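Summary of the model geometry
So the chains spell out like this:
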Amino acid sequence: RAEVCAGVVFPNPLNATRKDYDLFRANPLPDMWAPAAVDTPAAVSFVGSSDYVWSLMPYALPLWAGFLLILLMPCCAVAVERLRSRRRSSSANVGIYATFALLGLGTAIVTVLVFQGLRHSDNAYQRARCASYSGLDLALTGRRDDQYDFLGLHNLTDAIQSAAILFPQMRRNIYVAKDQIGKAINGTGLVKQAHDLKDSWMATHRVQMEATSYRSILSQKQYFVPLDSCMAKFRLAQTALRNMLNVSLVVLDGPAPTVSSGVGNTLQQINNMYQVIQGWSGDFRASYDRMDGLWAVHCGLLYWVMGGVMIIVALGILQLTECHTPTLAALVAAGAHCHIAFCLVTCTVLFSAAVLSHDTCEFLEANLLTTAGLQTYDNVFTRFDAPQRDAVVACVFPQQTGNLRDIFNITFDTDQLRQAVTTQRLTAKPALLSDNTSRAMGSFLDRLKNTDGTNYVAMWDASQTLDWNSTYGGVNELTVKLWNLTNERWAFEKATSPPNCPMALKFNRQATVSESNCWVVDPETPSSSDIQERYRMLDGTQMQRVLELFRDARVTSQALAAAAQFLPVGQFYVKSTRKAFGATSSKLTDALGDVGTEVTAPMAAVAESLDSVMNRSNCRDIFRTYQQFQTATCHDLIGASLTNVGLVLAVAVLSWMISLLFACIYANTGGAKKVVDASADLESEESLLSGSSDSESSGGEESSEDS
């Protein structure tokens, strides 16, 4: 179709009115195609293509006239010779030149008109051929552009069949996706790990640290907001995705029975109709291949008509201006005579083609493509059942809707499908954690992982922390204060050693007070009695201060031990939660990707296909191609062919006049001198014979009188 229609432009508006020509005989095609006796305008019953060819014989009279002219050429030559009785005067020669000039001008004008007529007829044939291929291509594969918007039987079948195949697959994929989403949230253990992490830090560790008069900042409720937010989003995503998939199942359950029934009924009918038309396409292309060959012959005849008359005119000019030989004049006369016969043969071919086109158009419009014709010529539609015939009527017959949905009972509600696709896409996007949420969750877990003493604050003094990594800050602030009051160095077992105390020893009550001593403060020692006994030199205020510092030191030692005992457990929960969080995010992403690939994309494709079935199933565009064919064939091609017949007849008349003119020129130039002289001798002999017979008769009369 694309190759055939390249460069073809159809007129707008179309003129598809068929003109009735009184010069044509009654159309025999209705009788030829009728499966039984049918009342037709034909006078004789036709049964085959050979009979139809015989029906064209009355239009072949010009052909027989042409052959008769060729047979009469010798007789015409003798008749012309007898016309030459004397030489023409110079004024007669001027008349010959003037007559030939007028004939040459008329020939040139008619030749140009024949060329224009050939262009018009070829344009009409190309448009008819393009419309035929476009109609067949539109019916089979469909087309969508500025002029046409029909899905085509092949695409219509594929759309319904793909929907029938994809609906069960999508249902299975939805159940698989629901299982994957459930495993993404619950199967990874994130819920349990997050609960254990929160319980260990906010319940166990918080109570444990508060018993030591220290408070853990990381065990406060507000610090676990990122974890709570993340888990809430996961739960919302799980619920939203499950609800979305459940809604999708409900949506699929709506048109699924319709699609299933369409597979059993509609699909079979449309597919059968497609197969029938596809089978016709091979015969269609073969027919047009033969018609293209015949059309090439048609064009070649017209080119030979134009070329032949121009060659005759050129030879005539050469004879009158240069050669002046009787032989060339005879050649021009004979060539024009033969060209007359060729023009008459061409008229026969052109007129027969016009009759064939007229008969075809009349049969299609007045007989076949009618409601009565559909019943009468049922042999043309034997492979179509009732709905398929209704489809043909809707697509090709005049004054029809062309809606195949009503004929094949195609009813799909695609609004819910499109809504389900939109819901899936809107639900899937927020189901994934945003970058900010993921970063907040990561920062939360990183801080738990990198916990140090600065996250523990003393209840009695907010500036006092359990920073066990600092040399002078944190817990070592207490060691500095104790050094200043007791003149001895103190350290904590789970903290960095203070200056000048690389190896602290367990407290020994018996040891004397010395600046070189370095003792470990633990939750039990030194006790208050040990301090009072050891530091008697201190006054009451100093003693009270030292007792308070050692009390805080013993609590700090207890807090350090509690923190050191908990942190490995807490880090384990942090690690497990991070792993479960990563696995959940990854599996949820994969599950959503599978939903998009296995559910959303097929459902969108099905919705689009069914939309095409519902909105692009009107085949009325095929009738437009039929109108284009009708305009090109029944109006333009017939008119151009009849015009060409008239022009070729005009060329034949001009050729006849040229032939007559140059026959006279040939006779006038004495080109048949020997024949003329022989005729003169014959006449003289006849006169002598008649003279002698007269003398004899007169002598006889005289002798009789004498006697």
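The residue numbers shown here count from 1 along each chain, following its written sequence. With the structure being a predicted model, the display of local features is reserved for residues of pLDDT at least 70 and the display and counting of side-chain atom pairs for 80 or more, all residues being used for whole-chain, interface and lining totals. As a convention, hydrogens and water are excluded, and side-chain values are obtained from all of the structure's heavy atoms.

Below, the discussion takes up the side chain of Arg489. A helix here means a DSSP run of H or I that spans at least four residues, while a strand means a run of E at least two residues long, and both kinds are numbered starting from the N terminus. Looking at the element boundaries, Arg489 is found in strand β5 (residues 489-492). The buried label applies to any residue whose accessible area, calculated with a 1.4 Å probe on protein chains only, is under 20% of its type's maximum; exposed applies above 50%, and partly exposed to all values in between. Neither His nor the chain termini are counted; the positive set is Lys and Arg, and the negative set is Asp and Glu. Salt bridges, as used here, are contacts in which a Lys or Arg side-chain nitrogen is within 4 Å of a carboxyl oxygen on Asp or Glu. No salt bridge is formed by the buried Arg489; the nearest opposite charge belongs to Glu515, separated by 6.7 Å. Any two residues having at least one pair of non-hydrogen atoms within 4.5 Å are treated as being in contact. Residues contacting Arg489, with those up to four places away along its chain left out, are Trp483, Pro499, Asn500, Cys501, Glu515, Asn517, Cys518 and Trp519.

Patch definition: residues above 30% relative accessible area lacking any salt bridge, with like charges linked at up to 9 Å and the nonpolar side chains Val, Leu, Ile, Met, Phe, Trp and Tyr linked at up to 5 Å. Here the Shrake-Rupley method, with its probe set to 1.4 Å, supplies the accessible areas, and only the displayed protein chains count as covering residues. On the surface, a nonpolar cluster with roughly 380 Å² of combined accessible area is contributed by Val653, Trp656, Met657 and Leu660. With respect to the helices and strands, the residue Met657 is situated in helix α20 (residues 620-668).

When two cysteine sulfur atoms are found within 2.5 Å, that pair is recorded as a disulfide. In the structure shown here, the tally under the stated rule is four disulfides. For Cys395, the disulfide goes to Cys619, at an S-S distance of 1.9 Å. Note on the Cys395 and Cys619 pair: the S-S dihedral is about -100°, so by sign convention the disulfide is left-handed. In this pair, Cys395 is assigned in helix α13 (residues 386-396) and Cys619 in the loop between α19 (540-615) and α20, connecting sequence segments 224 residues apart. The class of Cys395 is buried, set by a relative accessible area of 7%.

Two numbers describe how helix α16 (residues 435-449) lies on α19: the axes approach to 9 Å, and their chain directions differ by 160°. As judged from the angle between their axes, α16 and α19 are roughly antiparallel. Between α16 and α19 lies a crossing of left-handed hand. Seen from α16, the contacting residues are Met441, Gly442, Leu445, Asp446, Leu448 and Lys449; seen from α19, they are Gln571, Val574, Thr577, Arg578 and Phe581. In this analysis, axes come from line fits to C-alpha atoms, helices being fitted only over the stretch in contact, and the angle between any two N-to-C directions falls in the range 0 to 180 degrees. Working rule for angles: under 35 degrees goes down as roughly parallel, over 145 as roughly antiparallel, 65 to 115 as roughly perpendicular, anything else as oblique. Left-handed describes a crossing whose near helix is turned anticlockwise from the far helix by less than a right angle; the clockwise case is right-handed.

In this section: the sheet that holds β5. Hydrogen bonds along the backbone pair up the strands of a sheet, which may run parallel or antiparallel. Pairing between strands requires that DSSP locate at least two bridges from one strand to the other. Ordered in space as β5-β7-β6, the three strands form an open sheet in which the pairing is parallel. The two strands at the open ends of the sheet, each matched to only one other strand, are β5 and β6 (505-506). Two elements, β5 and strand β7 (residues 518-521), share four bridges in a ladder whose sense is parallel. When the bridges of β7 are listed, Ala491 appears paired with Val520. Against the sheet, α19 engages β5 and β7, with an angle of about 25° to β5.

This brings us to the packing of aromatic side chains. Centres within 6.5 Å are what make two rings of Phe, Tyr or Trp a pair, Trp counting through its six-membered ring; a difference in plane orientation under 30 degrees is then read as stacked, over 60 as edge-to-face, and the rest as tilted. The tally for this structure, following the rule as stated, stands at 14 aromatic pairs. Between Trp490 and Phe550, the ring centres sit 4.9 Å apart and the planes meet at 80°, which makes this aromatic pair edge-to-face. With Trp490 in strand β5 and Phe550 in helix α19, the pair connects residues that are 60 residues apart, well separated along the chain. Comparing Trp490 with Phe550 shows no difference in burial state: the two are buried. Judged by centre distance (6.0 Å) and plane angle (40°), the ring pair of Phe623 and Tyr626 falls under tilted.

Moving on, we come to the pairing of β7. Each regular strand carries side chains that alternate between the two faces of the sheet. Across the two faces of β7 the burial is the same, with Cys518 and Val520 and Trp519 and Val521 all buried. The sheet contact formed by β6 and β7 spans two bridges and is parallel. Residue Lys506 lies in a different strand from β7, and its bridge partner there is Val520.

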